[in-house]
Amino acid sequence: MRNGLVLGLTLILLPGRFSARGPLLKRYEFSLPRMGTIFRIELYSPDDAMASKAAEAAFARAEELEQIMSDYREDSELMRLAREGASAPFPVSTELYDVLAKSIRISELSRGAFDVTVGPLVELWRKVRTTGRLPDASELARAKALVDYRNIELDAARRTVFLKRPGMELDLGAIGKGYAADQMLALLQSRGIRQAMVVAGGEVAVGAPPPGEAGWKVALDTPDVGAGNPPCTLLLHDIAVSTSGDSKQFVEVNGKRYSHVIDPSTGMALEGMGSTTVIAKDATTTDALGTALSVLPAQDGIHLAQSLPGVAVYMVRQAGSGWKKYFSRGFPAACRE
Ligand code: AMP
Ligand code: MG
C-alpha cells in the first residue's frame, strides 16, 4: 500500500560532506520491512527530495518483487505458478522468469545443493517449529519425491514455466532478497544516485564508494563473533556480498540445532552452527551461492567458488567447541587474521 510505504519509511539524515568535484552530498538512510526482514538503503544525494523519492521508488520495486515471489501470499505470481504450472506451461513475468533461470543455473553448478523446488521440504521443517517433532522417514520421502529442479521446464521464447510434477512447490527464499537488492540498487543508479548501498536482510549490494572513502563498510555476521571477537569488516564498492547462516533462523529438537537451510539430497535441515559469506558481482548470485555453499561440504564449496570468475567465499563451521574457517583464493585478507 502506497501510504503505508511512505509512513513506514524511516529517514535518518546524517552530516553532509563535500564530494571532490560536485555539490554538497548528504548521507541518507532509509529502512522498511520487506520479504520478512528489514531492508535498508544508504545513499548520498545532493538534496532531500531526490534522495527520498529514489528510496521510495526502490522500496516500491521491492514490494512489486515481493508480490511476484512471495510463498506466503496466496495471490503471488509464484503461488499461482505452483497451482497452475503443472497442468500447462504458465506464462510468467520477466522478473520471475529471470530469477528462475538464474536459480536453475546455480542448481546446475551446485548439483542440486541449491534447489528452488525445495518447497515441500521447507514446509515440513516449518512444521517442526510448532510441533517440536522431527519429520519421519515416510514424510521426508514423500516431500523429497517432489524436489528436483530438473522438473522445472523453461521456455525462453514463450516466457513460460512448466512444472513436470503435480504438487511441486517453489521457494525463492534463498535468492529473492538478493534479486531485490540488485534491482533496488539498479533503480537508484538509474535515478543518478551512484553512491548507494542496499541491505536486504543478509544480502548487500553496493555501488560507487561514499565520497572520499575507499568503499562501503560491511561487517560480517558470522557465528564466531562475540565479546573480544569483533566482526570482520570489508570495504567494498560496485559489488555484492551475502552471508547465509543460521544465527537467527533455526529450530532446536532434542538439544540439536537445525538450520532453515535444507540439504535437498537428504531432505534434512543442516545441523550445527555455521556461516557462508560470498562476494560476487551481484547479490542474486551471492544470495543463491551462499545457500548452495552452505549445503556442500566446505572443501567442495571452496573448489566450486574458485572455479567461478569473480567469486570469493569465506566459511565458518563449528568444530567441537571452536570454529574452523575456510577461505577461497581472492577473499579479502581483512578476515584472515
Ligand atoms: P538463505 O537465508 O539465503 O540461505 O535462504 C534460506 C531459505 O531458502 C530458507 O528459509 C528456505 O526458504 C529456502 N531454502 C532452504 N534450503 C534451500 C536449498 N537447499 N535451496 C534453495 N532454497 C533453500
Ligand atoms: Mg541465499
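Residues numbered from 1 in each chain as written. Chains lettered and ligands numbered in written order. Predicted model: local features only at pLDDT ≥ 70, side-chain atom pairs only at ≥ 80, totals over all residues. Heavy atoms only, no water.

Caption draft 1: Structural view of the coordination of the magnesium ion (ligand 2). Every protein donor of the magnesium ion (ligand 2) is listed here as A174 (O), D287 (O), D287 (OD) and T291 (OG1), and their distances to the metal cover 2.0 to 2.6 Å. Here the donor residues of the magnesium ion (ligand 2) share one chain and are spaced in sequence as A-x112-D-x3-T. Of this pair, A174 sits in the loop between β6 (160–163) and α7 (176–190) while T291 is found in helix α8 (residues 283–295), placing the two residues 117 residues apart along the sequence. Here A174 matches T291 in class, with each residue buried. (Donors = N, O, S within 2.8 Å, 3.2 Å for Na, K, Ca; no water. Helix = DSSP H or I, 4+ residues; strand = E, 2+ residues; numbered from the N terminus. Buried < 20%, exposed > 50% of the residue type's maximum accessible area, 1.4 Å probe, protein only.)

Caption draft 2: Focus on the packing of helix α2 (residues 48–69) against helix α4 (residues 94–109). Contact pair α2 / α4: the axes reach a minimum separation of 10 Å and the direction vectors enclose 70°. On the basis of the axis angle, α2 is roughly perpendicular to α4. Where α2 approaches α4, its residues R61, L65, I68 and M69 are matched on the opposing element by E95, L96 and V99. Residue composition of the contact of α2 with α4, by class: 5 nonpolar, no polar and 2 charged. (Axes fitted to C-alpha atoms, helices over the stretch in contact; angles between N-to-C directions. Parallel < 35°, antiparallel > 145°, perpendicular 65-115°, else oblique. Contact = heavy atoms within 4.5 Å. Nonpolar A, V, L, I, M, F, W, Y, C, P; charged D, E, K, R; others polar.)

Caption draft 3: Spatial organisation of the pairing of strand β7 (residues 196–200). In terms of residue burial, β7 counts as a mostly covered element, since 5 of its 5 residues are buried. The alternating pattern of β7 places A196, V198 and A200 and M197 and V199 on opposite faces, both of which are buried. Here 5 bridges tie strand β3 (residues 37–45) to β7, and the two strands are oriented antiparallel to one another. Looking at β7, one finds that R40 is bridged to V199. For β7 and strand β8 (residues 203–206), the ladder comprises 4 bridges, and the chain directions are antiparallel. Looking at the pairing, M197 lines up with V206 of β8. As consecutive antiparallel partners, β7 and β8 are separated by 2 residues, and within that stretch G201 has a phi angle of approximately 65°, a positive value. (Pairing = 2+ DSSP bridges.)

Caption draft 4: Representation of the site of ligand 1 in the model. As a structural note, the neighbourhood of ligand 1 is formed by 15 residues, with A113, D171, S244, I262 and T291 the closest of them. Contact distances for ligand 1 include 2.7 Å between an oxygen atom and a side-chain N or O atom of S244. A distance of 2.7 Å separates an oxygen atom of ligand 1 from a polar side-chain atom of T291. Relative to its unbound accessible area of 500 Å², ligand 1 is 92% covered by the protein chains. Elements represented by at least two residues in the shell around ligand 1 include exactly β13 (256–262) and α8. Taken together, the residues of the shell around ligand 1 break down into 8 nonpolar, 4 polar and 3 charged. (Near = heavy atom within 4 Å. Polar contact = N/O pair within 3.5 Å; in protein donor to acceptor, adjacent residues only side chain to side chain. Areas by Shrake-Rupley, 256 points an atom, 1.4 Å probe, with all protein chains shown as cover.)

Caption draft 5: Focus on the sheet that holds strand β4 (residues 90–91). In space, the 3 strands of this open sheet follow the order β4-β6-β5, with antiparallel pairing throughout. Two strands bound the open sheet, and with one partner strand each, they are β4 and β5 (152–155). Relative to β6, β4 is paired through 2 bridges, and the arrangement is antiparallel. In the strand pairing of β6, P91 is matched with T160.

Caption draft 6: Here's a closer look at the state of the cysteines. Across all of its chains, the model carries 1 disulfide by this definition. Linked covalently through their sulfurs, C232 and C335 form a disulfide whose S-S length is 1.9 Å. Residues C232 and C335 are joined by a disulfide whose S-S torsion is about -65°; by sign, that bridge is left-handed. With C232 in the loop between β9 (216–219) and β10 (233–236) and C335 in the segment after β17 (322–327), this pair connects stretches of sequence that are 103 residues apart. The exposure class of C335 is buried, given its relative accessible area of 5%. (Disulfide = S-S within 2.5 Å.)

Caption draft 7: Local environment of the nonpolar core. In terms of nonpolar packing, the biggest core is built from 72 residues, with I41, L43, L96, L172, L188 and L293 touching the most fellow members. Examining the composition of this core, we find that 10 residues originate from one element, α2, more than from any other. Ignoring any residue separated from it by four or fewer positions in sequence, one finds L293 in contact with T276, V278, G301, L304, A305, V313, M315 and R317. Core analysis: the next-biggest nonpolar cluster, separate from the first, contains 20 residues, M197, V206, L220 and C335 among them. (Core = buried A, V, L, I, M, F, W, Y, C linked by side-chain atoms within 4.5 Å.)

Caption draft 8: Structural view of the pattern of salt bridges. Under the criterion given, the structure shown has 19 salt bridges. Across the salt bridge formed by K325 and D224, the nearest N and O atoms sit 3.1 Å from each other. Remark: D224 occurs in the loop between β9 and β10 and K325 occurs in strand β17; sequence separation between them is 101 residues. It is possible to trace a salt-bridge network through shared partners that takes in R27, E29, R40 and E42. (Salt bridge = Lys/Arg side-chain N within 4 Å of Asp/Glu carboxyl O.)

Caption draft 9: Inspection of the pairing of β6 at higher detail. Sheet analysis places β5 next to β6, joined by 4 bridges and oriented antiparallel. Looking at the pairing, I152 lines up with L163 of β6. Adjacent in sequence and paired antiparallel, β5 and β6 are bridged by 4 residues, among which R159 carries a positive phi angle near 50°.

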